[in-house]
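Each chain, written out:
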Amino acid sequence: MSAESTSEATLDEIVVIALAEAFRGNGEILCNPIGTVPMCAGRLARETFEPDMVYTDGVSVLSAELLPVGVPDAVAVPETYMPYRTIFDLVWSGRRHVVMGASQMDMYGNQNFAAIGDDYSKPKAQLLGMRGAPGNLINNKTSYWIPNHSTRVFVPKVDVVSGPGYDRMRELGEQSSRFHHIVRVVTPLCAMDFETDDNRMRLRSLHPGVTVDQVVENTGFELVIPDDVPESRQPTAEELQILRTQIDPNGARKAEFG
Amino acid sequence: MPNKLMSEDDVIAQLSDGMTIGIGGWGSRRKPMSLVRALLRSDLKDLTIVSYGGPDVGLLAKSGKVRKLAYGFVSLDSIPLEPHFRQARQAGGIEVLELDEGAFQLGLLAAAHRVPFYPCRAGLGSDMLTNNPEIRTVTSPYDDGEELVAIPAMNLDVALIHMNRADAGGNGQFLGPDLYFDDLFAMAAEKTFMSCEKVIPTEDFLKEGTVHTIKIPRIFVNGVIEAPRGAHFTECPPDYGRDEAFQKEYAATAKDPDAWEAFKARYLDAPSHEAYLAEVDAP
């Protein structure tokens, strides 16, 4: 398939590529993306530049073959049995890169999806609870897919820290924080990382057509903005073809865009 | 081999106010729902519920029988947030122990092994520690001197679990994709009551699944309750999937007090599991 015959990538496809890039260089680990867009990203990374990663069918096995997203009767070819107990063991082993969501996040990457409100005994809105965030962040690589880039999500201070960020890790010291690594935060506007001297969140790339001002307006804290912010990369023709025809033939990923 | 067959109501007769009750399964998956409804019908109160939470936690929190909840999450899976649990939390008045879901199993394991805690790294730097000051840290006694979280033993008075098959002596078999932590719940409890889809002769276990699926040993089980579709409306594969339509109806009652009363009267007040199933199957 030539580049000419491929229609231009849409925003959801740019986002999938930006998240897939988070897995680059990970090698033979468990790629554990939660949500449709992250799953597309993980599968695309394995089909192209990270062929050694493993991933689950979302139930209890690792799938040796490409398992499409949003195809209910797709069946995994098991390469390992992987019930929840083994997943937890694997988290603690560190050989895993998880992608989670966030209801709130601050400039050091402190994440909240547990509850909204100041009073833990009577939250304004109870959300998921801690789930695996405390253990994930301190044991293995973590990235985030945040479908709603707004000042409601990117806040100066989160109400509850479920997944700890870099300032909290600095307070804990080197020994406790040695496995903590937030690789990437991807939204419909941009990709961000923490590759700064003080591990504050930095604008890494802008999706096509998005301006720095747009990102700044929708972020409730001061982002580190480099002098030159590159555009998020376009998918190759091969990547687009694999994503559209093999990984997500029904376009399930589009449902995560408002 | 002893015969431990009993009814849901026989189980309730062995429970008392203030007990700590662990409930097996995971989210809206293989929950011992006939036993949960028996709890709801009882006069029991001031309970502490320990669970990888699903509708069991939602229903019990809503019923006012719960003093304290210990969980890693509470979810209906296909409906990510459990609406009745959310309401109960947002109304205040229920004490909670909210743990990392991986750390949670260490609390069960510590109870099973009769040690006071198991260490892990999960929780350091997060509000899991800030919000639960009863959880303490421990320093490694070895040269590394690393500070770790000491997840306290979650000692249970009673565990309630649901299996696909069991024998009358209390050996349990799961046939679905994941045991979850039901064996740890059983071992962490003084007494375990196990419902099942079908009671079978011990020699028939291998007709149902491989030897690796017979995971609950009878030495940890005090009572066996035969409850076909006993996990309804949660899933219990391969016997049946989740009743999504029923779960949606259950979730929707959180927004409508009249609908809740009607749901409760029709399903939860049904005097037995058989009567409940008759209502579920009624047109």
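As a reminder, the structure under discussion sits directly above these lines.
Residues numbered from 1 in each chain as written. Chains lettered and ligands numbered in written order. Predicted model: local features only at pLDDT ≥ 70, side-chain atom pairs only at ≥ 80, totals over all residues. Heavy atoms only, no water.

Colleague: Help me understand the pattern of salt bridges in this model?
Modeller: Between side chains of opposite charge, a pair can form as their charged atoms come close. Residue and element names in this part refer to chain A. Following the criterion strictly, the structure yields 35 salt bridges over all chains and no others. For R244, the salt bridge identified is with E13, shortest N-O distance 2.8 Å. One end of the pair, R244, is in helix 8 (residues 237–247); the other, E13, is in helix 1 (residues 11–20), with 231 residues separating them in the sequence. Judged by its relative accessible area of 2%, E13 falls in the buried class. Through salt bridges with shared partners, a single network forms among D12, E13, R244, D248, R253 and K254. (Salt bridge = Lys/Arg side-chain N within 4 Å of Asp/Glu carboxyl O. Helix = DSSP H or I, 4+ residues; strand = E, 2+ residues; numbered from the N terminus. Buried < 20%, exposed > 50% of the residue type's maximum accessible area, 1.4 Å probe, protein only.)

Colleague: Teacher, can you tell me more about the interface of chain A and chain B here?
Modeller: For an interface, size is often stated in terms of accessible area lost upon the parts coming together. The partner chain B presents 49 residues to the 39 residues of chain A that form the contact. At the boundary of chain A and chain B, one finds four salt bridges. When the shortest N-O distance is used, the salt bridge between R178 of chain A and E146 of chain B registers 3.2 Å. Where chain A meets chain B, there are 17 residue pairs in polar contact (both at pLDDT 80 or more). Mapped onto the side of chain A that touches chain B, the elements with two or more residues apiece are helix 3 (84–93), strand 8 (125–126), helix 4 (133–139), helix 5 (166–172) and helix 6 (174–177) of chain A. When residues of the side of chain A that touches chain B are assigned to their parent elements, the largest contribution, five residues, is made by helix 4 of chain A. A breakdown of the residues in the side of chain A that touches chain B according to their chemical character gives 22 nonpolar, ten polar and seven charged. (Contact = heavy atoms within 4.5 Å. Polar contact = N/O pair within 3.5 Å; in protein donor to acceptor, adjacent residues only side chain to side chain. Nonpolar A, V, L, I, M, F, W, Y, C, P; charged D, E, K, R; others polar.)

Colleague: Just to check I follow, could you spell out the packing of helix 2 (residues 36–47) of chain A against helix 8 of chain A for this structure?
Modeller: How two helices pack is summed up by the angle between their axes together with the distance between the axes. All names here are of chain A. Helix 8 packs onto helix 2 with a crossing angle of 120 degrees between their chain directions and a minimal axis gap of 10 Å. When the interaxial angle is binned, helix 2 and helix 8 end up oblique. Note that helix 2 runs across helix 8; the crossing there is right-handed. Contact residues: C40, R43, L44 and E47 in helix 2; E239, I242, L243 and I247 in helix 8. Along the lines of polarity and charge, the residues of the contact of helix 2 with helix 8 split into five nonpolar, no polar and three charged. (Axes fitted to C-alpha atoms, helices over the stretch in contact; angles between N-to-C directions. Parallel < 35°, antiparallel > 145°, perpendicular 65-115°, else oblique. Left-handed = near helix turned anticlockwise from the far one by under 90°.)

Colleague: Just checking my understanding: could you explain a negative patch on the surface for this structure?
Modeller: Residue and element names in this part refer to chain A. Together, E28, E47, D52, E65 and E79 make up a region of like negative charge exposed at the surface. On the secondary structure map, E47 appears in helix 2. For E47, a relative accessible area of 31% puts it in the partly exposed group. (Patch = residues over 30% accessible without salt bridge, like charges linked within 9 Å, V, L, I, M, F, W, Y side chains within 5 Å. Areas by Shrake-Rupley, 256 points an atom, 1.4 Å probe, with all protein chains shown as cover. Lys, Arg positive; Asp, Glu negative; His and termini not counted. Charge placed at Lys NZ, Arg CZ, Asp CG, Glu CD.)

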